[in-house]
Amino acid sequence: MRDGREGRKHNVQLCFISQNHTDFSEDLYKISTARWVLKCGDQETADSLIKRFKLSDASAYVIRNALPGPGKDGAPFFVDMSAGEAKYEQLLINVLGPIELWSFSTTPGDTALRARLYKRIHFARALRMLATVFPSGSANSEIERRKSDRMNDLGLATEEAFVGVLDELADEIVEGRGVAAGLYETLRAIDEHQEFAIAAE
């Protein structure tokens, strides 16, 4: 609390992050100047947060309905900020490219596929390949589709089908076939275009 109250006099700014806004004491909340909400887990959490922040009806709607987490169109977030005597409530969107989306993805299928590629090729190239093959920043729909096919057609258990799909996708990406057909040609064309742009400058 002392750092929070006096930090600005010493050019120190504090930032706290938690999955639950109740982790922050009321005293700490009162001296904060900006509150960022990336996603609400459930209706009870949303209602509690809306009450604590004293949000308008429009902002309450955003908290309840417009924060699905990051996706191909960006990562929506809500900011409640005090500046001087004014209070601002705003829905914003942090737009990330496919490489950043792949870097930050935490879904089990995406992280497992990414880890398999990291073991076989340099992480920067792996992310670039994933971003080219799956520009939405996730392979989840393809993983689920293939897993379902394996379970239905081959009678495999869920975990066995899941592992098999991940190994199969990793092979296709590394070898530039299947879902990744034409990958190396695409990467080469991108590199050539970037080299031409740099030379033109």
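> Would you mind going over the nonpolar core with me for this structure?
Here is a general trend for soluble globular proteins: nonpolar side chains tend to be buried in one another's company. Formed by 22 residues in total, the largest nonpolar core has its most connected members in Trp102, Leu113, Phe134, Ile143, Ile173 and Leu183. Elements with a contribution of two residues or more to this core: helix 6 (108–120), helix 7 (123–133), helix 9 (158–175) and helix 10 (183–200). Ignoring sequence-local partners within four residues, the contact set of tryptophan 102 consists of Asp110, Leu113, Arg114, Leu127, Leu130, Ala131, Phe134, Gly137, Ser138 and Ala139. Of all hydrophobic cores here, the second largest spans 13 residues; its members include Tyr29, Val37, Ala46 and Leu67.

> Even after reading the chapter, I still don't get the packing of aromatic side chains, so can you show me in this structure?
Each pair of aromatic rings is reported with the distance of its centres and the angle of its planes. Applying the stated criterion to the full structure yields 5 aromatic pairs. Summarising the aromatic geometry, the rings of phenylalanine 16 and phenylalanine 24 are spaced 6.3 Å apart at their centres and angled 55° between planes, so their arrangement reads as tilted. Residues tryptophan 36 and phenylalanine 77 carry aromatic rings whose centres are separated by 5.3 Å and whose planes lie at 20° to one another, so their mutual orientation is stacked. Taken together, the positions of tryptophan 36 in strand 1 (residues 34–37) and phenylalanine 77 in strand 2 (residues 75–83) put the pair 41 residues apart, joining distant regions of the chain. One Lys or Arg, arginine 52, reaches over the ring of tyrosine 29 and ends 4.8 Å from the middle of that ring.

> When you look at a nonpolar patch on the surface in this model, what are you seeing that I'm missing?
Residues Trp36, Leu38, Met81 and Tyr88 make up a contiguous nonpolar surface patch of roughly 460 Å² in combined accessible area. Along the chain, leucine 38 falls in the loop between strand 1 and helix 3 (43–53).

> For this particular structure, what's the right way to read the layout of surface pockets?
Its boundaries defined by the atoms lining it, the largest pocket holds a volume of some 1,200 Å³. Lining the largest pocket we find 32 residues, and of these Phe16, Phe24, Ala34, Arg35 and Trp36 sit closest to its centre. The set of elements that each furnish at least two residues to the lining of the largest pocket consists of helix 1 (2–6), helix 2 (26–31), strand 1 and helix 3. Here the lining of the largest pocket is built from residues that sort into 17 nonpolar, 10 polar and 5 charged. In this model, the second largest pocket occupies a volume close to 550 Å³. Looking at the lining of the second largest pocket, the elements that each hand over two or more residues are strand 2 and helix 5 (98–104). The greatest single-element share of the lining of the second largest pocket, amounting to 3 residues, is contributed by strand 2. Looking at the lining of the second largest pocket residue by residue, the classes come out as 9 nonpolar, 9 polar and 3 charged.

> Explanation requested: the packing of helix 8 (residues 140–154) against helix 9 in the structure shown.
The relative placement of two packed helices comes down to the angle between their axes together with the axis-to-axis distance. It is the contact of helix 8 with helix 9, at a shortest axis distance of 9 Å, that shows an interaxial angle of 125°. The angle between helix 8 and helix 9 places the two elements in the oblique class. For the pair helix 8 and helix 9, the sense of crossing is right-handed. Two secondary-structure elements touch here, helix 8 through Glu142, Ile143, Arg146, Lys147, Arg150 and Met151 and helix 9 through Thr158, Ala161, Phe162, Gly164, Val165, Leu166, Glu168, Leu169 and Glu172.

Quick notes on the rules
Residues numbered from 1 in each chain as written. Predicted model: local features only at pLDDT ≥ 70, side-chain atom pairs only at ≥ 80, totals over all residues. Heavy atoms only, no water. Core = buried A, V, L, I, M, F, W, Y, C linked by side-chain atoms within 4.5 Å. Buried < 20%, exposed > 50% of the residue type's maximum accessible area, 1.4 Å probe, protein only. Helix = DSSP H or I, 4+ residues; strand = E, 2+ residues; numbered from the N terminus. Contact = heavy atoms within 4.5 Å. Phe/Tyr/Trp six-rings, centres within 6.5 Å; stacked < 30°, edge-to-face > 60°. Lys NZ or Arg CZ within 6 Å of the ring centre and 35° of its normal. Patch = residues over 30% accessible without salt bridge, like charges linked within 9 Å, V, L, I, M, F, W, Y side chains within 5 Å. Areas by Shrake-Rupley, 256 points an atom, 1.4 Å probe, with all protein chains shown as cover. Salt bridge = Lys/Arg side-chain N within 4 Å of Asp/Glu carboxyl O. 1 Å grid on protein atoms, 1.4 Å probe; cavity = no way out; pocket = protein on both sides within 12 Å on 5 of 7 lines; lining within 4 Å. Points joined across faces, edges and corners; volume = space filled by probe spheres on them. Nonpolar A, V, L, I, M, F, W, Y, C, P; charged D, E, K, R; others polar. Axes fitted to C-alpha atoms, helices over the stretch in contact; angles between N-to-C directions. Parallel < 35°, antiparallel > 145°, perpendicular 65-115°, else oblique. Left-handed = near helix turned anticlockwise from the far one by under 90°.

By themselves, these observations are geometric and do not establish any function.
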